[in-house]
Each structure stands twice: as structure tokens, then as C-alpha cells.
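The residues making up each chain are set out below.
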Amino acid sequence: MTVKQISVFLENKPGKLAAFTKILSENGINMRALSLAETSDFGILRLIVDDTYKTSTLLKDEGFVFSITKVLAVAIPDKPGSLNAAIEVLGNAQINIEYMYAVTTHAKGLAYMIFRVADNAAAIDAFTKNGIKVICQDEFE
Amino acid sequence: MEHYYQPEIECASREQIRAWQDERLVKQVQNVWDHVPYYRKKMEEKGVTPADIQSTADLHKLPFLTKEDLREAYPYGLLARPLEDCVRIQSTSGTTGRRVVAFYTQHDLDLWEECCARAIMAAGGTKNDVCHVCYGYGLFTGGPGLNGGSHKVGCLTLPMSSGNTERQIQFMCDLGSTILCCTPSYAAYLAESILERGLQDKIKLKAGIFGAEAWTEEMRRDIEEKLGIKAYDIYGLTEISGPGVSFECSAQTGMHINEDHFIAEIINPQTGEVLPDGEKGELVFTSITKEAFPLLRYRTRDICVLTREKCSCGRTHVKMSKPMGRSDDMLIVKGVNVFPSQIETVLMNNGYPANYQILVDRVNNSDTIEVQVEMTPEMFSDSISQITAKERELVSDLKAMLGIYAQVKLVAPKTITRSEGTAVRVIDKRNLYKN
């Protein structure tokens, strides 16, 4: 029920992000979700791609420092209040969100959210019990 | 008019100085042989006995002492007097990994303070002056040395210690400080702060005695202009006594070494061979009057030149140039001794790779040090907070090791140049050693 996210270490300097996206572009890799967190010195680019294995092989060859983390993707109705409801589910279950970001989707009437939490199993359990749909990896491939 | 603290010594004939040195060296060698087994063993290994040392001409026969010896003999191995005769301990600044402790008898303190008194009077100090000491007090020799010297001269002494710039400036204005003693970078910072507050007309400073770190002629002129003073250099090291081993006079063309207490030599740092006056090499000191901690032929690692030309100030003691560099990899940052090996140790202990680079710079006349480390898969995480927590831990461990704040910067793998042979670990952008 989880989705593989690739997190990449990038220096916070002009051109570093472009150098990275160029590799994806040249290898025909499509990004499904993307978020960037930064400090003054470095950033962490978090992304979900259509081919995690191919991407990680490429990154290894290019000498990037990266990690693969299992995150949760959920589908919520594309209307006011639905994100709040999903977050309240986690809050009520005492599950802390480390970070989260939104994803574009072609599914009509739906928005996808990515959650990074300490306890995936507990979060999946809380979401499903409350009728929030958790999405699998194959939906991104 | 030139002031002297001890004119009969400071302006003695070269023959007289030589006679003092010969007599004191012979006695000191015997004293060390009798009371310091660590050095006696070194002499025996070299096949030298006190009988071989009849005058300063024989000095070159004695073995060298290095900082490594001081570490090995830590804490009491080089002590020549029983502890009950000692009254003070001082220690080198902030270098946990290489801390060196030095011991003093009351007599040692008196002589050290006299050396500082000579420096203060050479800078124009008299008993009518207010001497503002903002070197650190404590284990660091800066504060205690100048404080003692100021007392000997009879100045009204302000034992300010370092920090709290507001209070420094306030006291300077309210109490009419005339002589400022601190590191040159702090003097430059004070000068800026005084100008910013528009208080330049409220201060009465006439001279500054600045040491414990390298500084350039440009910096001297800058400080002199901003504060309207004459800025004098002072040199020293804890191992030999502290500040006042040598000091600048009105000529401002090098520092007179107090040769009645310290014999200076210049050696080739590779071969150990003694070099003639005027040649650049490593400075070596022999303490001939110290009682508690008498070091013979101690290698300072400072590179400089000695000159015995007649000085316009009337002093006859040999002059040393400002240090022009180091014969080891030690850096002096904010007046604190930093060795790259200490930084490497902290990195390894924290699981970082040994591939690092140290960037030293001077921003607004204050030293900065940045340690660049390459990110590794082991250290990486998808969470910024986890990475920064590790970074903070590293900063705190570096602070504990070095005694000063060092910024840490995580960089991408393989971005730090791997040179063939010796790695370029240190980039010092300060350009302090201009030849």
C-alpha cells in the first residue's frame, strides 16, 4: 500500500537542479510527484517516478547521494475541507506527519496527497478505517 | 622620547647580552639535566652531556623539543621544579587534542611580567597610562601577561577580558583608556564599533599592543587610522612564557626578542641546521631563566627572519620579523590554534568521510572557519531535520574540540578536489603571510 519516493541530495547552488532534471529528461523518466525542501546550503529533492528502479540505477551511476523511502499516497476529493479531514484522521490516531506534498492527477474530481509519517502501517489503517483511499505504486507507473 | 622598563638590559651591549646568555645557558642545561629526566634522555640519545655546553656557541649540539614532546610529557614530564615551588599554570588556547600546560614559579611570573612591562613601555606606556586589557583572562596567557606587565609599569589597569563590546567601549570612554591590549582582529572590530557609534572623539587611546594572531601591515594602518593610535605587535607562546617573548618598539620594523631570557635561533625546518641571521627559517627558543618549565631548543613552527642591525629605538636585542608562515599545518583562527587533524578526528568520530576541506576567511576583520564535508549515502536521509540534527551535533563536537565555532557545510559527493599526493585540506583566504 506504500509508494516509493526517491530523495536526492542537491547542493543549493545555481544549475544543480537543472543538472539533475536533465538526466531524467535524457532517459525518458516521467516524474509523477515532486517536492523540494531546502536549507541555505543544500536541498532534498523528493520525487515519485514512473520507473523507480531505472531512476535509482541512473542516479547511482551519476554519483548522486539518494535514498528510497516508502511514503503514503492517498486520493481525496478535489473540494474544500477534504485535506483537512485526511489530516485530522492522522491527528486523531496520534500519527505525526514529517512532511507532505500535493500531486497533480488526471483522475477526475480527485487530488493526490503524499504523506511521510513515522508509522506507515498505522496510518494506512487509520486512513482505510475512515474511508480515505490509499493508492498503490502501480498507479504511478 | 623612547621609554624603557629596564634600559640597562634592553640597551645593553651585544657583548654583555652574549655574556648573560653564555652564563645562563650553561646553568640551565645543568639544571635541566639534573631535574628533567625526559630531556636528559634526549641528550643522552644524542650523546651530549652538560660538559659539552660551554657557551651559546654549543647550543646547536642540544636536541630539539617539539609540541609532540610536550604532549608526550604531559602534564609534569618537563617540569624542573617540585610542584610546591610552582604558583601558576597556563595553557594553550582551546586545542583539546593538543593542549599544552606550562608551569610558573613566582620568579617565572615576575620575569614574564617584566617582559610584558618592556613591551608596554616600548609602546609609550608609563604610570600615567590607563591600560585596557581585553585579551582573555584565564588559562590563555594574553590577559594575565599584559595585566601583570601593566602593574609592573604602574599603569592603571583595566582587566576587561574579552567580549562585551558595549562595555569595553563604555569603559574606554568613561575611564579614559590610553593603551589597548587585545588581538588585532578584536582591535579592528572595536575600531569599527567606535566609529559606528560616532565615539571617536570620546576615546583617549594613544597606543595598542596587539598579538596572539597574524596580522598584515594593511590591518595595522587601518586600525591606526580608525583609532588614531600607534599599533604595536607583540609575540609570545605559552610554552616559552606567554606574550612578551618579543615586542615591537617605535621603529615598528620587527619585534625585539628579550634575549636575556630567551635565546633565539633560526633553523632549516627540514634538516634542523642552524641558519645565519637574515635567512628565513623556523624560530627556535631556549629559555635560560625559567625555573619551573625551562624548554631548551623548543621549535615554535613559526617561520621568520632574525636581524641584529642597530635599531633606531636604542634597544640592542635581536629583532624577529612577523611570522611569515608555519612549518606545520597549524592554523590560528580567532587567536586559537587549530590543527586540521583535530577536525579530521571529529569528522571520523561522527561517521563522516575523511574527505573534507577547511576554508578560513576574515569577514569584517573577524576570522571565520568553515568545514566542508561531502554527503554520503550513510549520512543521508529524506528528512531535513535528521540531516540538520547530525550537522548540529558535528558543529557542537567541533566546538568542543577546537574551542571555537566552525561552520559546517555539506556538499555533494566528489566535489572536494582530490589532489595527487598531499591533499589540499586548507584554503586560507586571509592572506596573512605576505612576504
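Residues numbered from 1 in each chain as written. Chains lettered and ligands numbered in written order. Predicted model: local features only at pLDDT ≥ 70, side-chain atom pairs only at ≥ 80, totals over all residues.

Before going further, it helps to spend a moment on the overall build of chain A. Secondary structure summary: chain A contains four helices and seven strands in total. Seen in sequence order, chain A has helices and strands lined up from the N terminus as β-α-β-β-α-β-α-β-β-α-β. C-alpha atoms of chain A, sized along the principal axes, occupy 45 × 30 × 25 Å. Expressed as a percentage of the 141 residues in chain A, the buried residues total 28%. Contacts in chain A between residues far apart in sequence, at least 24 positions, make up 67% of those at least 6 positions apart. (Helix = DSSP H or I, 4+ residues; strand = E, 2+ residues; numbered from the N terminus. Buried ≥ 20, exposed ≤ 12 C-beta atoms within 10 Å, placed from the backbone. Contact = placed C-beta atoms within 7 Å.)

Residue and element names in this part refer to chain B. Judged by which residues are buried, strand β5 (residues 179-182) turns out to be covered on both faces: Ile-179 and Cys-181 on one side and Leu-180 and Cys-182 on the other are all buried. Inspection of the sheet shows strand β3 (residues 130-133) paired to β5 by three bridges, in the parallel sense. Counted as the bridge partner of Val-133 is Cys-181 from β5. Summarising the sheet, β5 and strand β6 (residues 207-211) pair through four bridges and their orientation is parallel. Across the sheet, residue Ile-179 finds its bridge partner in β6, namely Ala-207. In terms of handedness, the path from β5 via helix α8 (residues 184-196) over to β6 forms a crossover that is right-handed. (Pairing = 2+ DSSP bridges. Right-handed = clockwise from strand over helix to strand, strands pointing away.)

Residue and element names in this part refer to chain B. The domain boundaries assigned to chain B delineate domain 1 (7-328) and domain 2 (332-428). Each of domain 1 and domain 2 has a C-alpha centre, and the two are 31 Å apart. Taken together, the 15 residues of domain 1 in the interface contact 15 residues of domain 2. In terms of residue class, the side of domain 1 that touches domain 2 is made up of four nonpolar, eight polar and three charged. (Domains from an automatic or database assignment. Nonpolar A, V, L, I, M, F, W, Y, C, P; charged D, E, K, R; others polar.)

This part takes up the sheet that holds strand β14 (residues 319-320) of chain B. All names here are of chain B. One open sheet accounts for nine strands, arranged β4-β3-β5-β6-β7-β8-β9-β14-β13; its pairing is mixed. Every interior strand has two partners, whereas the edge strands, β4 (156-159) and β13 (306-307), have only one. In this structure, β3 lies alongside β4, joined through four bridges in parallel fashion. Each bridged residue has a counterpart across the sheet, and for Val-133 the counterpart in β4 is Pro-159. Sheet contacts for helix α9 (residues 217-227): β6 and β7 (230-236); angle to β7, the most-contacted strand, approximately 135 degrees. (Axes fitted to C-alpha atoms, helices over the stretch in contact; angles between N-to-C directions.)

In this section: α8 of chain B. Residues spaced three or four apart along an α-helix point in a common direction, a consequence of the helix completing one turn every 3.6 residues. All names here are of chain B. The first and last C-alpha atoms of α8 sit 18 Å apart over 13 residues, in line with the 18 Å expected at 1.5 Å per residue. All buried positions along α8 are accounted for by Pro-184, Ser-185, Tyr-186, Ala-187, Ala-188, Leu-190, Ala-191 and Ile-194. If you follow the buried residues of α8, they end up packed against α7 (165-175), β5, β6, α9 and β19 (366-374). Gly-198 sits one or two residues past α8 and shows a positive phi near 65 degrees. (Expected span 1.5 Å × (residues − 1).)

All names here are of chain B. Pairing analysis gives eight bridges linking strand β18 (residues 356-363) to β19, with the strands arranged antiparallel. Pairing of Val-363 across the sheet is with Ser-366, part of β19. Adjacent in sequence and paired antiparallel, β18 and β19 are bridged by two residues, among which Asn-364 carries a positive phi angle near 50 degrees. Pairing of β19 with strand β20 (residues 407-411) involves five bridges; the strand directions are parallel. Each residue of the ladder has a partner; that of Val-373, found in β20, is Leu-410.

With that settled, consider the packing of helix α10 (residues 340-349) of chain B against helix α11 (residues 384-402) of chain B. All names here are of chain B. The contact between α10 and α11 brings their axes to 10 Å, and the two run at 145 degrees. Here α10 and α11 pass one another in a crossing that is right-handed. Between α10 and α11, the contacting residues are Gln-342, Ile-343, Val-346 and Asn-349 on the first element and Asp-397, Leu-398, Met-401 and Leu-402 on the second. The class makeup of the residues in the contact of α10 with α11 is five nonpolar, two polar and one charged. (Left-handed = near helix turned anticlockwise from the far one by under 90°.)

Let us now look at unusual backbone geometry. Residues apart from glycine generally show negative phi values, whereas peptide bonds are mostly found in trans. Residue and element names in this part refer to chain B. At the junction of Tyr-74 and Pro-75, the peptide bond is cis and its omega measures out at -5 degrees in the coordinates. Positionally, Pro-75 belongs in the loop between α4 (67-72) and β1 (86-91). The backbone of Ala-212 sits at a positive phi, close to 75 degrees, despite the residue not being glycine. In this structure, Ala-212 sits in the loop between β6 and α9. Even without glycine at this site, Gln-252 takes up a positive phi of about 50 degrees. Here Gln-252 falls in the partly exposed class, since 15 other C-beta atoms lie within 10 Å of it.

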